[in-house]
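Each chain, written out:
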Amino acid sequence: MRLRLSSQMERLQASLFFVPMAAVLSAIALGLILLAVDSGFDQGGADLPLGLASTVESARALLSTIAGATITFAGIAFSVSLLVIQLASSQYSPRVVHTLFRDPFNKRVMALVVGTFTYCVIVLRSVRSALEQSGDPVIPNLSVAVAVILGIATILATVAFIDHAAHAMDISEILEKVRKESVDHARDAWAVADPGARRAGPTEALDGRQCVVRFGRSGWVQQFDADELLRWVPDGGIMRLDTYPGRYAVEGAPLCTIAPPPADMEEVEREIRAAVTVGQTRSMRQDASYGLRQLADVALKALSPGINDPTTAQDAIFHAAAVLAELLRRDPPPERRTGEGGRRLVVPHRPTLDDLVRLTFDETRRAAAPHPTVCIYLLEALDVLREGVRSTGLHDRGNILVEEAQLVVAGCEAANLLSADLALVRTAYDKRFGFMSPGIVP
């Protein structure tokens, strides 16, 4: 149940439909409530404060104008949103679209616009003159006054939306959103590392009779519920998860292996599949590598011949270093978990810290080899990360950073740079790493 709620929350946060739909329903309720309140006031408006009274003609004109204007604003808002998403996808990376979909400001503005339109339509249909139906005029003065307030708020919100959309194309803001979301999930799921703690040993093997549970559908593995998976392991048994969030699942591929096989295999397969969420897109909730993947993609896109924007690459490199710094100070979720009755769950395929470092820098340093300035940025980011792990006593985690720095220089040497440009990169390396030998971190 917890995993299903988490998955639903993830879908709602990425949905552009849910918040506007809730606003439409709220607007209908608000319109009906205010119309009921209005029915207790004198239709001439004598018992209303000055300025709230209106005539049938003015009420209809106001409501029609506000409804027409807001639905026009809605078209502008949706068009601008799609334009921003398209430009960000083509200019930076299709992966950053995930972050733009989750922007709450855009959803709130859209909700206000469509809600105001719906409210005006509900109120407009109740306005009647003395020549219609019962012969008694119906002028919902309070409801019309609220419509005017909502109309003004919609105009201001639309202006704010256009301003927000313009700033949303600032690459630093996009990267900062990715960094913040990645760091928040890392802090939730990863514990602060203890420099004196012993690291986990080799993964235990499965012996004896085994059974394999396979995926029932294809898609990205988003989350899994370890407690729920342990429930379906026989007492004294072991389950090895053959996948991990961030990997693509192919229907029929192994999901997990259980030893010994449970008695009711059909029910166990159904419950295990329900404990592993498979969706159409990747999610950051249990996938620490996804934020780094987005940031690395932005750097690669910036270094492509069609874009050729080293400054954006620099921005992406240092935002990725900020995420990686948080991960290097922490330990990933345990590879082995135990439950009641001696049940064990083994998760051997999660990415290691070395894998995350390589994901962050390998592709970028290869693309940056012909760009000495970007290579210097890479060396600076690696040096900052090395200083960070050294300050926390996690010296062993700096070895891979030194290796990456050496590969940055080797890539520049193989790129046939001008001697003066290559000298700049070598000087930057010597300044930060030159006193080290491979595999040694002071």
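To keep things clear, this report deals only with the structure shown in the data block. (Residues numbered from 1 in each chain as written. Predicted model: local features only at pLDDT ≥ 70, side-chain atom pairs only at ≥ 80, totals over all residues. Heavy atoms only, no water.)

**Considerations on the packing of aromatic side chains**
A ring pair, where both rings are aromatic, is described by two values, the distance of the centres and the angle of the planes. Inspection of every chain in the model, using the stated rule, returns 4 aromatic pairs. Relative to Tyr-248, the ring of Trp-220 lies with its centre 5.2 Å away and its plane at 85 degrees, an arrangement referred to as edge-to-face. Of this pair, Trp-220 sits in strand 3 (residues 219-224) while Tyr-248 sits in strand 5 (residues 248-249), and the two are 28 residues apart along the sequence. Taking relative accessible area as the criterion, Trp-220 reaches 26% and is therefore assigned partly exposed. For Tyr-248, a relative accessible area of 48% corresponds to the partly exposed category. Here Tyr-429 and Phe-433 contribute two aromatic rings whose centre-to-centre distance is 5.6 Å and whose plane-to-plane angle is 25 degrees, an arrangement assigned as stacked. Pair noted here: Tyr-429 and Phe-433 are both in helix 15 (residues 419-433), with a separation of 4 residues, about one helical turn. (Phe/Tyr/Trp six-rings, centres within 6.5 Å; stacked < 30°, edge-to-face > 60°. Helix = DSSP H or I, 4+ residues; strand = E, 2+ residues; numbered from the N terminus. Buried < 20%, exposed > 50% of the residue type's maximum accessible area, 1.4 Å probe, protein only.)

**As for the pattern of salt bridges**
All chains considered together, the criterion is met by 22 salt bridges. In this structure, Glu-269 engages Arg-273 in a salt bridge whose closest nitrogen and oxygen atoms are separated by 3.9 Å. Placement of both Glu-269 and Arg-273 in helix 9 (residues 265-274) is noted, with a separation of 4 residues, approximately one turn of the helix. A cluster of three or more residues bridged by salt bridges with shared partners is formed by Arg-187, Glu-326, Arg-329 and Arg-330. (Salt bridge = Lys/Arg side-chain N within 4 Å of Asp/Glu carboxyl O.)

**Some thoughts on the environment of Thr-427**
Within the secondary structure layout, Thr-427 lies in helix 15. On a C-alpha basis, the gap between Thr-427 and Ile-376 in space is 9.3 Å, while along the polypeptide they are 51 residues apart.

**Description of the pairing of strand 4 (residues 238-241)**
One ladder, built from 4 bridges, connects strand 4 with strand 6 (residues 254-259); its direction is antiparallel. Within strand 6, the position partnered with Leu-241 by the bridge is Cys-256. Sheet topology places strand 4 next to strand 10 (residues 344-346); 3 bridges connect them, and they run parallel. Within the sheet, the bridge partner assigned to Met-239 lies in strand 10 and is Leu-345. (Pairing = 2+ DSSP bridges.)

**Comments concerning the sheet that holds strand 7 (residues 276-279)**
Strand order across the open sheet formed by 3 strands is 5-3-7, with antiparallel pairing between neighbours. Each having just a single partner strand, strand 5 and strand 7 make up the two edges of the open sheet. Judged from the 2 bridges that link them, strand 3 and strand 5 form a sheet pairing that is antiparallel. In the sheet register, Gly-219 faces strand 5, and the bridge partner there is Ala-249.

**Focus: the sheet that holds strand 9 (residues 336-338)**
If you walk across this open sheet you meet the 5 strands as 2-6-4-10-9, and the pairing is mixed. Among the strands making up the open sheet, the edge pair consists of strand 2 (211-214) and strand 9. Sheet twist, expressed as the mean angle between neighbouring strand axes with direction ignored, is 20 degrees. Its contacts with the sheet put helix 9 on strand 2, strand 4 and strand 6, and the angle it makes with strand 2 is roughly 45 degrees. (Axes fitted to C-alpha atoms, helices over the stretch in contact; angles between N-to-C directions. Contact = heavy atoms within 4.5 Å.)

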